[in-house]
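Okay, here's what each chain looks like letter by letter:
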Amino acid sequence: MSSEGERSEASDRAGSKATRENGRDGGDGDHVSAGDGKFGRYGGQYVPEALMPAIGELTDAYERYVLNNEGGFMDEFRRRIREFGGRPTPLQRADRLSERYDTEVYLKREDLLHGGAHKLNNALGQVLLAKYMGKERIIAETGAGQHGTATAMAAAHLDMPCEVYMGERDINRQRPNVFRMKINGSAVTPVTTGRGTLKEAISETMRDWATNVEDTHYVIGSVVGPHPFPRMVRDFQSLISEEAREQIVDRTGALPDSVVACAGGGSNTMGTFHNFIGDEAVDLFAVEAGGSSLAVDAEEGVAPNSASLSTGSEGVLHGARTKLLQDHDGQIVESHSVSSGLDYAGVGPELAHLVDEGRVTPVNVDDDAALEGFHRLSQEEGIIPALETAHAFGYLHEHHDELGDVTVINVSGRGDKDLDTAIEETTKRDIPNAPDMSMFEGGLR
Amino acid sequence: MSDDGASDRVAAAFADGPAFVPYLAVGDPDYESSLAYVEALAEGGADVIELGLPFSEPIAEGPTIQNAVVRALESGMTPTRFFEFVEEVDVDVPLVCMTYYNLIYQYGESEARSVSDASSAERSSANSRAAKPRDDGEERPASKGPRPFVEKAASVGISGFVVPDLPAEEAGPLREACDEFGLHLISIVAPTTDEERLDQLVEVSSGYLYVQARLGVTGASSSVSDRTGESLARLSDVDLPKAVGFGISSGEQAATIVEAGADGIIVGSALVDIVAEGHERDEPTEETAARLETKARELKQGAVDGYGRRTPAPEGTSD
Ligand SMILES: Cc1ncc(COP(=O)(O)O)c(C=O)c1O
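Calculation criteria
- Residues numbered from 1 in each chain as written.
- Chains lettered and ligands numbered in written order.
- Predicted model: local features only at pLDDT ≥ 70, side-chain atom pairs only at ≥ 80, totals over all residues.
- Heavy atoms only, no water.
- Helix = DSSP H or I, 4+ residues; strand = E, 2+ residues; numbered from the N terminus.
- Rg over C-alpha atoms; globule rule 2.2 N^0.38 Å.
- Contact = heavy atoms within 4.5 Å.
- Areas by Shrake-Rupley, 256 points an atom, 1.4 Å probe, with all protein chains shown as cover.
- Salt bridge = Lys/Arg side-chain N within 4 Å of Asp/Glu carboxyl O.
- Buried < 20%, exposed > 50% of the residue type's maximum accessible area, 1.4 Å probe, protein only.
- Core = buried A, V, L, I, M, F, W, Y, C linked by side-chain atoms within 4.5 Å.
- Near = heavy atom within 4 Å.
- Polar contact = N/O pair within 3.5 Å; in protein donor to acceptor, adjacent residues only side chain to side chain.
- Nonpolar A, V, L, I, M, F, W, Y, C, P; charged D, E, K, R; others polar.
- Buried area = accessible area lost by both parts, 1.4 Å probe.
- Patch = residues over 30% accessible without salt bridge, like charges linked within 9 Å, V, L, I, M, F, W, Y side chains within 5 Å.
- Lys, Arg positive; Asp, Glu negative; His and termini not counted.
- Charge placed at Lys NZ, Arg CZ, Asp CG, Glu CD.
- Axes fitted to C-alpha atoms, helices over the stretch in contact; angles between N-to-C directions.
- Parallel < 35°, antiparallel > 145°, perpendicular 65-115°, else oblique.
- Left-handed = near helix turned anticlockwise from the far one by under 90°.
- Phe/Tyr/Trp six-rings, centres within 6.5 Å; stacked < 30°, edge-to-face > 60°.
- Disulfide = S-S within 2.5 Å.
- Pairing = 2+ DSSP bridges.

**Q** I'm lost on the overall build of chain A in this one. Help?
**A** Helices and strands together make up the secondary structure of chain A, namely 17 helices and 14 strands. Computed over its C-alpha atoms, the radius of gyration of chain A comes to 20 Å, within 12% of the 22 Å expected for a compact globule of 445 residues. Along the first, second and third principal axes, the C-alpha set of chain A runs to 60 × 50 × 45 Å. Sequence-distant contacts in chain A: of pairs separated by 6 or more residues, those separated by 24 or more amount to 73%. With an accessible surface of roughly 14200 Å², chain A has 46% of that area assigned to carbon and sulfur atoms.

**Q** For this particular structure, what's the right way to read the pattern of salt bridges?
**A** When the charged atoms of two side chains with opposite charge come close together, those side chains can pair. All names here are of chain A. Using the criterion set out here, one finds 53 salt bridges over all chains in the structure. In this structure, aspartate 111 and arginine 109 form a salt bridge, with 2.9 Å as the shortest nitrogen-oxygen distance. For the salt bridge of arginine 429 with glutamate 425, the shortest nitrogen-to-oxygen distance reads 2.6 Å. The class of arginine 429 is partly exposed, set by a relative accessible area of 24%. The buried category is assigned to glutamate 425, whose relative accessible area is 11%.

**Q** I tried to follow the nonpolar core on my own but got confused; where do I start?
**A** A general feature of soluble globular proteins is that nonpolar side chains tend to end up buried together. Membership of the largest hydrophobic core comes to 195 residues, with the highest contact counts inside it found for Phe82(B), Ile158(B), Phe161(B), Tyr208(B) and Ile265(B). For this core, the element with the most residues is helix α2 (residues 52-67) of chain A, which contributes 9 residues. Ignoring anything within four residues of it in the chain, the contact list for Ile265(B) reads Ala19(B), Phe20(B), Val21(B), Val244(B), Ile248(B), Ala254(B), Ile257(B), Val258(B), Leu299(B) and Ala303(B). Counting 20 residues, the second largest nonpolar core, distinct from the first, contains Ile383(A), Ala392(A), Leu403(A) and Ile409(A).

**Q** Quick question: what am I supposed to make of the site of the ligand here?
**A** Residues and elements named next belong to chain A. Surrounding the ligand, one finds 19 residues, the nearest of these being Ser222, Gly264, Gly266, Ser267 and Ser412. One of the backbone nitrogen or oxygen atoms of glycine 265 is found 3.2 Å away from an oxygen atom of the ligand. Within the backbone of serine 267, an N or O atom sits 2.7 Å from an oxygen atom of the ligand. Starting from 390 Å² of accessible surface for the ligand in isolation, the protein chains cover 97%. For the shell around the ligand, the elements supplying multiple residues, two or more each, are α12 (267-273) and α16 (387-399). Residues belonging to the shell around the ligand are distributed by class as follows: 5 nonpolar, 12 polar and 2 charged.

**Q** Teacher, can you tell me more about the interface of chain A and chain B here?
**A** Frequently, the measure chosen for interface size is the accessible area that the parts lose on association. Contacts between the two partners involve 59 residues from chain A, matched on the other side by 53 residues from chain B. When the area that chain A buries against chain B is broken down by residue, the three leading residues are Glu49(A), Arg207(A) and Gln331(A), summing to 15%. Of the charged contacts in the structure, one is a salt bridge between Glu49(A) and Arg197(B), with a shortest N-O distance of 2.8 Å. The tally of links from chain A across to chain B stands at 23 residue pairs in polar contact (both at pLDDT 80 or more). Element by element, the count of residues in the side of chain A that touches chain B is highest for helix α9 (residues 198-212) of chain A, at 7 residues. Taken together, the residues that form the side of chain A that touches chain B break down as 23 nonpolar, 20 polar and 16 charged.

**Q** Explanation requested: a negative patch on the surface in the structure shown.
**A** Residue and element names in this part refer to chain B. A surface patch of negative charge is lined by Asp194, Glu195, Glu196, Asp199, Glu203 and Asp237. With respect to the helices, strands and loops of the structure, glutamate 195 is situated in helix α9 (residues 195-204). Accessibility expressed as a relative area gives 48% for glutamate 195, which makes it partly exposed.

**Q** Mind showing me how you'd approach the packing of helix α3 (residues 63-74) of chain B against helix α12 (residues 269-281) of chain B here?
**A** The axes of two packed helices give the description: the angle between them and the distance between them. Residue and element names in this part refer to chain B. Contact geometry of α3 with α12 gives a least axis separation of 9 Å together with a crossing angle of 50°. Relative to α12, the element α3 is oriented oblique. For the crossing formed where α3 meets α12, the hand is left-handed. Counted together, Thr64, Ile65, Ala68 and Arg71 of α3 and Ser269, Val272, Asp273, Ala276 and His279 of α12 form the full contact between these two elements. Of the residues assigned to the contact of α3 with α12, the class counts are 4 nonpolar, 3 polar and 2 charged.

**Q** Quick question: what am I supposed to make of unusual backbone geometry here?
**A** The phi torsion of most residues other than glycine is negative, and most of the peptide bonds are trans. All names here are of chain A. A cis amide bond links arginine 87 with the next residue in sequence, proline 88, at an omega value of -5°. The residue proline 88 is located in the loop between α3 (73-83) and β3 (91-93) in this model. Each neighbour pair has its own omega, and for histidine 227 with proline 228 the value is 15°, a cis peptide bond. Note on placement: proline 228 falls in the loop between β8 (216-218) and α10 (229-237). At asparagine 69, a position not held by glycine, the phi torsion is positive, near 55°. With respect to the helices, strands and loops of the structure, asparagine 69 is situated in the loop between α2 and α3.

**Q** Looking at this model, I keep getting lost on the side chain of Ser335(A). Mind explaining?
**A** Note on placement: Ser335(A) falls in the loop between β12 (319-324) and α14 (349-356). At 2.7 Å, the side chain of Ser335(A) forms a polar contact with the side chain of Asp343(A).

**Q** I'm lost on the environment of Asp343(A) in this one. Help?
**A** Residue and element names in this part refer to chain A. In this structure, aspartate 343 sits in the loop between β12 and α14. When the C-alpha positions of aspartate 343 and serine 306 are compared, they lie 5.6 Å apart, and in sequence the two are 37 residues distant. Discounting residues that sit within four places of it in the chain, aspartate 343 has contacts with Arg173, Arg195, Thr197, Leu198, Ser306, Ser335, His336 and Ser337. Here the side chain of aspartate 343 touches histidine 336 through a polar contact of 3.3 Å, landing on its backbone nitrogen.

**Q** What am I meant to see in the packing of aromatic side chains here?
**A** Here the distance between the centres and the angle between the planes together describe a pair of aromatic rings. Taken as a whole, this structure holds 20 aromatic pairs over all chains when the rule is applied. Judged by centre distance (6.4 Å) and plane angle (50°), the ring pair of Phe73(A) and Phe236(A) falls under tilted. Of this pair, Phe73(A) sits in helix α3 while Phe236(A) sits in helix α10, and the two are 163 residues apart along the sequence. Assigned by exposure class, Phe73(A) and Phe236(A) land together as buried. Considering the side-chain rings of Phe149(B) and Phe161(B), the 5.9 Å spacing of their centres and the 50° angle between planes classify their relative orientation as tilted.

**Q** What is the right way to look at the packing of helix α15 (residues 367-381) of chain A against helix α17 (residues 419-427) of chain A in this model?
**A** Residues and elements named next belong to chain A. Between α15 and α17, whose axes approach to 11 Å, the crossing angle comes to 120°. Here α15 lies oblique to α17, going by the angle between them. When the axes of α15 and α17 are compared, the crossing they make is left-handed. When α15 is examined against α17, the residues Leu371, Phe374 and His375 are found in contact with a partner set consisting of Leu419, Ala422, Glu425 and Thr426. Each residue belonging to the contact of α15 with α17 can be placed in one class, and the counts come to 4 nonpolar, 2 polar and 1 charged.

**Q** Where do I start with the state of the cysteines in this structure?
**A** Simply put, disulfide is the name for a covalent bond between the sulfur atoms of two cysteines. Counted by the stated rule, this structure contains 0 disulfides over all chains. With no disulfide of its own, Cys178(B) lies 10 Å from the sulfur of Cys97(B), the closest cysteine sulfur.

**Q** Explanation requested: the pairing of β12(A) in the structure shown.
**A** If a strand is regular, its side chains alternate between the two faces of the sheet. Residues and elements named next belong to chain A. The buried fraction of β12 amounts to 6 of the 6 residues, a majority that puts the element mostly inside the structure. Pairing between strand β2 (residues 42-46) and β12: 2 bridges, direction antiparallel. Bridge pairing links tyrosine 46 to glycine 319 in β12. Where strand β11 (residues 313-317) meets β12, 5 bridges bridge the pair, whose relative direction is antiparallel. Across the sheet, valine 316 pairs through a bridge with arginine 321, a residue of β12.

Printed below as a string of structure tokens:
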């Protein structure tokens, strides 16, 4: 954004959009209300009573500072995400992929945001908000470690102590990010319950919050959890589509035919879709992790995938009613994906609603297709994507003929954190376009 | 157990003297032992028993009960088994079901559900599959809800529910179902609950109030929070019995809390610890049951002693 005037106009625009979709107005003049946190039948606030006052306080702060720019909060946020974060991120035409698929492929380069993923948009917004609220401590959960890293960076930048909960399995899968968090001065606490992935990390962070709720803010890492988190995280992430929509129109003179983003909890997804939702002609595709199979083994309580939008059913988890991977009784099953960041049994309630409405099409690709996508983007465009992001490129490869003439794909993050996993997973499978990895067998010589 | 008069039975449990309300996770470490343990608590003087129906994501529980939940789930505990348990257990005190909302919400939908049905998920098995969002001819369940669970619970003789992840804001449908079947919905009052929320909470509550003694998750602790007295004072106008829980592990603590004005004490982790110990040591079920009964007597006696220490005799405040 180039001027104050444009900035506040943009935030007004986001604000009035938010009001419209909640079907209610805050009342007096331009005041925007935080609404009731329902997206159709989804959303809500299913959390312990001890947290409700803090959630009320947060809703109030979200309404005042984020939606109504009190104290110039949004101005400060936009300044910091520009100066510290490096926004706006570019929209780049992918020349080789465009040629290969005979479709104009544009990449929204969130991998170039500070920290290497879209996660900083939300983390910086929430840590700054916690500061405005007078909170003294930050906690967060992380799956791939990208949200934890972004939160650790934002906390260091804004001088707040920070503790990040991370599943033990994910700590082993995403070691570089664990180092980054530590180096930024955050505590990293391993979570050993369950399979030691994102689901358990969220539960454990909620327990910390219930204990220290009076001085601590929980920076949730995706558009999940109780109201106001799904809406607030989406608002911070919607910078992605605010820029992308303008950039694609500047570039091509028109809106794209489709927009594609990977979906775990769905924060890069909602951020990339938000400003296109009113553009009925633009198809929106949320690419979930198909893992190794779409079947759920109810007996074992596991789903070898994380495709809650494609195969899940309505239920209540981590504060919201949404689509979940669960067994007959309502026990949450263990999800799976080659990418830690998509490895979660739930999804944001707004995304679940948009899927029911038919506005967003949920699709998925399996682990192998994601790895193929990972290697293709690396080789053909010189961009090593996060394994999460790679799912979007797996989908592009398989369904480019359904994406119209012009498609925008969100490159939600870069893959530096995934190199160990990518090498390991590639060597144990038959990925046709992978480079020869034999030099890595038995350790790097 | 009989299914009538749930309301009266809970009221009666608080009517003469302080109530001892123990908690155990049903199925921890297995169904049969669990029967013996719950019966031992009744022998030891329980006035109401909170039976935990284990949920895979127990966000309000500390490590002790989390581990109990894992053991119970591994032993095959399900809502269906839970209801069988309630029918089979031989105790004569009101039983309250403590669980998380998703299990209540899903019950009765299992037949209609397609998610865990591998054959429908495998409609196509290519690398990528577009799940059609609608107009695929597949009927989604119109709406899930708590009614079937509550109806079943009432039929096996459950007297009420504690649902830690269901604040007053979301409690409407469960409250309605409880009214329909004459069951209680017991709300948790936290140290952070303010006046306004308290009113809202009391509105949807019946049976008793579960007064959370301190912030945090469940778990035994050596000191009882100062905030308990404060909380009880704030609640003095509320016309429901107040049972205090979170962290009580000894008769002496029970006494202190009842002396401070509580109408009952809720004890979970300290009892679950005994079950866990027995399980680790491979102790015979009867021995663990006997230790549970002894602990129960200590806690009940503590509550009674605390009541006796109140000065002057608190006419009319305990019932
Ligand atoms: C690069 C990247 N993309 C996507 C995701 C998935 O999260 P979300 O669905 O909230 O965007 C993650 C999560 O860690 C991530 O690191």
